[in-house]
Amino acid sequence: MSIAQILKDARAGMEKALDNAKREFSSVRSGKASPTMLDTIKVEAYGALLPLNQVASVSAPEPRILLVTPFDKGQAKVIEKAIRESDLGLDPAHQNGIIRVPLPSMTEQRRKELVKILNKLAEDGKIAIRHARTDARDKIKKVDGVSEDDKKQAEKDIQKVHDDEIAKLEAILKVKEAEIMEV
């Protein structure tokens, strides 16, 4: 494998980790309802653990209410239970095959809890980015027929990509924290 390919793979891995962190951040609620808030919820359906968006559609008809419409009405109770047991602090109500999820106004304590959850998700994203960097470094060391100077330069390039991705993650975290702490 060439150094150029290793760099390309490392960049792709770090960008994937950043995208994953963004998706996780979008599931942490701010002041208003967003269908992506429930994306991290897994539902026990058909003998497997499936993401909520594969067993139901989610919409936000009002700023403080989410509507979850199961594709299979028989799954409504299971979906309701999964939402209730998630760490999002939501209390869904099942009625006529549709699940209404009112969003309670957030207390200062709840906002701080959500910021802690965000920070944990950000740390997970940083770890994934670091793993991509470490993996690339290990591959560079094993490349044959390349001078030590080229290997050192490649490691510097990987470190720069790593630093850029971490900086992007920090910026996204700050914006999301501000959004949550806003009253």
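As a reminder, the structure under discussion sits directly above these lines.
Quick caveat, the model's predicted, so the values are computed rather than measured.

Undergrad: Please clarify how the nonpolar core should be interpreted in this entry.
TA: One recurring pattern in soluble globular proteins is that nonpolar side chains are buried together. Core analysis: the biggest nonpolar cluster contains 27 residues, and Met14, Phe25, Val28, Leu118, Ile129, Leu169 and Ile180 have the highest contact counts within it. Contributions of two or more residues to this core are made by α1 (3-27), α3 (108-142) and α4 (148-181). It is α3 that provides the largest number of residues to this core, a total of nine residues.

Undergrad: Looking at this structure, I do not really get the sheet that holds strand β5 (residues 93-95). What am I missing?
TA: Sheets are built from strands paired through backbone hydrogen bonds, the pairs being either parallel or antiparallel. Read across the open sheet, the four strands follow the order β3-β4-β6-β5; overall the sheet is antiparallel. The open sheet is flanked by β3 (56-62) and β5, the only strands paired with a single partner. Each neighbouring strand pair of the sheet contributes to a mean axis angle of 25 degrees, computed without reference to strand direction. Taken together, the five bridges between β3 and strand β4 (residues 65-70) define a ladder with antiparallel strand orientation. The residue of β4 that forms the bridge with valine 58 is valine 68.

Undergrad: Quick question: what am I supposed to make of α1 here?
TA: The α-helix advances 3.6 residues per turn, and as a result positions three or four apart in sequence lie on the same side. For α1, built from 25 residues, the straight-helix expectation of 36 Å at 1.5 Å per residue is met to within 8% by its first-to-last C-alpha distance of 37 Å. Listing the buried residues of α1 in full gives Ile3, Ile6, Ala10, Met14, Ala17, Leu18, Ala21, Phe25 and Ser27. Packed against the buried residues of α1 are α3 and α4.

Undergrad: Just checking my understanding: could you explain the pairing of strand β2 (residues 48-51) for this structure?
TA: Look at any regular strand and the pattern is simple: side chains alternate between the two faces of the sheet. Here strand β1 (residues 42-45) runs beside β2; their pairing, made up of four bridges, is antiparallel. When the sheet's bridge partners are listed, alanine 45 is paired in β2 with alanine 48. Taking the residues between adjacent antiparallel strands as the criterion, β1 and β2 are bridged by two residues, where tyrosine 46 takes a positive phi near 55 degrees.

Undergrad: Can you help me understand the side chain of serine 86 in this one?
TA: Within the secondary structure, serine 86 is located in the loop between α2 (76-85) and β5. Residue serine 86 is classed as buried on the basis of its relative accessible area, which comes to 17%. A distance of 2.8 Å separates the side chain of serine 86 from the backbone oxygen of isoleucine 83, its partner in a polar contact.

Each value, and the rule that gives it
Residues numbered from 1 in each chain as written. Predicted model: local features only at pLDDT ≥ 70, side-chain atom pairs only at ≥ 80, totals over all residues. Heavy atoms only, no water. Core = buried A, V, L, I, M, F, W, Y, C linked by side-chain atoms within 4.5 Å. Buried < 20%, exposed > 50% of the residue type's maximum accessible area, 1.4 Å probe, protein only. Helix = DSSP H or I, 4+ residues; strand = E, 2+ residues; numbered from the N terminus. Pairing = 2+ DSSP bridges. Axes fitted to C-alpha atoms, helices over the stretch in contact; angles between N-to-C directions. Expected span 1.5 Å × (residues − 1). Contact = heavy atoms within 4.5 Å. Polar contact = N/O pair within 3.5 Å; in protein donor to acceptor, adjacent residues only side chain to side chain.

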